[in-house]
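Chain and residue survey
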Amino acid sequence: LFKEIKAQRKGKSLPGRIMDLRLEKAADHFVTGKSTNDAGGAGLERSQGQHSEFILMVLDEAEGIPTYVYKAVDNMTSGGVVIVILLANPRERSSEFQRRKSRDNVVNFRLNALFHPNVLYDREVVPGAVRRDAVEQALKEHCQIITAHDPDKHTFEVSWRPGVVYLPDADFCRSVLGIPPVDGQRKLLIPQGRYEEACKRIVIPTD
């Protein structure tokens, strides 16, 4: 993260100074970075303590962040104006990251690589980001072509090859579609894919 901050700020004469894992403009106006470490059970105390009027917290790779960090975040969001951003490639459906998406004060965004500008336009619109050739390789290695859509299994089409229906495996769901893998859901009466489709369905009342 701080490598990207330094690259974006370079040569722009912006205020503030960048240190290791910290960007500081004033004593009460700064960005700091931390890696998760429970420190022998003292991680909660080490992770909390910020109670300012405005706080922005970004938890990257949030699927793998331990519970004590989430508890520290909860303790710091009890006052003021606080925004917490959780970023992750979803690996499972039972993690703390997944549980929090159903909260009333949470807005969810799923980033689907099939709709990334580089992939849609087959050129580097965003330098260094995912490209269509990488997606094409993933389609070959992690998807099957089938004859019809199955909402239970997150089937999809790509804009540059309409009419071709792909059945993704767990790796493709996680890394490209941004969907927690469907493995282990077979014993459910209503699979996750069908539930998500039903949430988007428009119901027309009838007598």
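The structure under discussion appears in the preceding block.
Keep in mind the model is a prediction, meaning the values are calculated, not measured.

**Quick word on a nonpolar patch on the surface**
The grouping of Leu56, Val58, Ile83, Ile85 and Leu87 at the surface amounts to a nonpolar patch, some 440 Å² of accessible area in total. Elements with a minimum of two residues in the nonpolar patch: strand E4 (54-59) and strand E5 (81-86). Inspection of the secondary structure assignment puts Leu87 in the loop between E5 and helix H4 (96-100).

**Some thoughts on the packing of helix H6 (residues 132-142) against helix H7 (residues 170-177)**
Viewed as axis vectors pointing N to C, H6 and H7 meet at an angle of 160°, and their least axial separation amounts to 9 Å. Classified by the interaxial angle, the pair formed by H6 and H7 is roughly antiparallel. The crossing of H6 and H7 is left-handed. Along its contact with H6, which presents Ala138, Leu139 and His142, the element H7 presents Asp171, Phe172 and Val176. Broken down by class, the residue content of the contact of H6 with H7 amounts to four nonpolar, one polar and one charged.

**Brief notes about the nonpolar core**
In terms of nonpolar packing, the biggest core is built from 16 residues, with Leu114, Leu139, Phe156, Val158, Trp160, Phe172 and Leu177 touching the most fellow members. The set of elements that each furnish at least two residues to this core consists of H6 and H7. In terms of residues, this core owes the most to one element, H7, which gives four residues. Those residues in contact with Leu177 that sit more than four places away from it in its chain are Arg110, Leu111, Asn112, Leu114, His154, Phe156, Pro168 and Phe172. With eleven residues, the next largest nonpolar core counts Ile55, Ile65, Met76 and Phe97 among its residues.

**A few points about unusual backbone geometry**
Even without a glycine there, the phi angle at Glu61 is positive, about 50°. Positionally, Glu61 belongs in the loop between E4 and helix H3 (67-76). Positive phi values are uncommon outside glycine, yet His154 reaches one of about 60°. The topology assignment puts His154 in the loop between strand E6 (143-146) and strand E7 (165-168). For His154, a relative accessible area of 10% puts it in the buried group.

**What about the pattern of salt bridges?**
Under the definition given, this model contains six salt bridges. Between Asp74 and Arg103 there is a salt bridge; the shortest N-O distance is 3.7 Å. In this pair, Asp74 sits in helix H3 while Arg103 sits in the loop between H4 and helix H5 (117-121), placing the two residues 29 residues apart along the sequence. Asp74 sits in the partly exposed class, given a relative accessible area of 30%.

**Focus on the pairing of E7**
Here E7 shows a buried face lined by Val165 and Leu167 and a second buried face lined by Tyr166 and Pro168. Relative to E7, E6 is paired through four bridges, and the arrangement is antiparallel. By the bridge assignment, Cys143 is partnered in E7 with Pro168.

**Considerations on the environment of Glu197**
Among the secondary structure elements, Glu197 is positioned in helix H8 (residues 192-200). Under the relative-accessibility criterion, Glu197 is labelled partly exposed at 35%. Linking Glu197 and His154, residues 43 residues apart in sequence, is a C-alpha distance of 9.3 Å.

**Overview of the packing of aromatic side chains**
Counted by the stated rule, this structure contains two aromatic pairs. Here Phe156 and Tyr166 contribute two aromatic rings whose centre-to-centre distance is 5.5 Å and whose plane-to-plane angle is 20°, an arrangement assigned as stacked. Of this pair, Phe156 sits in the loop between E6 and E7 while Tyr166 sits in strand E7, and the two are ten residues apart along the sequence. With a centroid separation of 5.3 Å and 10° between ring planes, the pair formed by Phe156 and Phe172 is classed as stacked.

**Considerations on H6**
For H6, the complete set of buried residues consists of Arg132, Val135, Glu136, Ala138 and Leu139. Burial along H6 is one-sided: seen end-on, the buried residues are contained in an arc of 160°. Facing away from the buried side of H6, by more than 90 degrees, are the exposed residues Lys140 and Glu141.

Conventions adopted
What you see as residue numbers is a count from 1 along each chain, following the sequence as written. In keeping with the predicted nature of the model, local features appear solely for residues at pLDDT of at least 70, side-chain atom pairs appear and are counted solely at 80 or more, and the whole-chain, interface and lining totals rest on all residues. The basis for the side-chain values is all heavy atoms of the structure; hydrogens and waters are excluded. Only residues whose relative accessible area exceeds 30% and that form no salt bridge enter a patch; like-charged residues are grouped when within 9 Å of one another, and nonpolar side chains (Val, Leu, Ile, Met, Phe, Trp, Tyr) when within 5 Å. Note on areas: these come from Shrake-Rupley sampling with a 1.4 Å probe, and a residue is covered only by the protein chains present in the view. The salt bridge definition used is simple: a Lys or Arg side-chain nitrogen within 4 Å of an Asp or Glu carboxyl oxygen. Segments assigned H or I by DSSP are reported as helices when at least four residues long, segments assigned E as strands when at least two residues long, and all are numbered from the N terminus. Angular values range over 0 to 180 degrees, each being the angle between N-to-C directions of two axes fitted as lines to C-alpha atoms, with helices fitted over their stretch in contact. By the definition adopted for this analysis, an angle is roughly parallel if under 35 degrees, roughly antiparallel if over 145, roughly perpendicular if from 65 to 115, and oblique otherwise. Left-handed describes a crossing whose near helix is turned anticlockwise from the far helix by less than a right angle; the clockwise case is right-handed. Two residues form a contact once any of their heavy atoms are found within 4.5 Å. Residues are sorted three ways: Asp, Glu, Lys and Arg are charged, Ala, Val, Leu, Ile, Met, Phe, Trp, Tyr, Cys and Pro are nonpolar, and all the rest, Gly among them, are polar. Joining through side-chain atoms within 4.5 Å is the link that ties buried Ala, Val, Leu, Ile, Met, Phe, Trp, Tyr and Cys residues into a set, and such a set is a nonpolar core. With a 1.4 Å probe rolled over the protein chains alone, any residue whose accessible area is under 20% of its type maximum counts as buried; one over 50% counts as exposed, and the rest are partly exposed. Only when DSSP finds a minimum of two bridges between them are two strands counted as paired. Put simply, two rings from Phe, Tyr or Trp (the six-membered ring, in Trp's case) pair if the centres are within 6.5 Å, and we call them stacked under 30 degrees between planes, edge-to-face over 60, tilted for the rest. Comment: arc refers to directions from the helix axis out to C-beta atoms.

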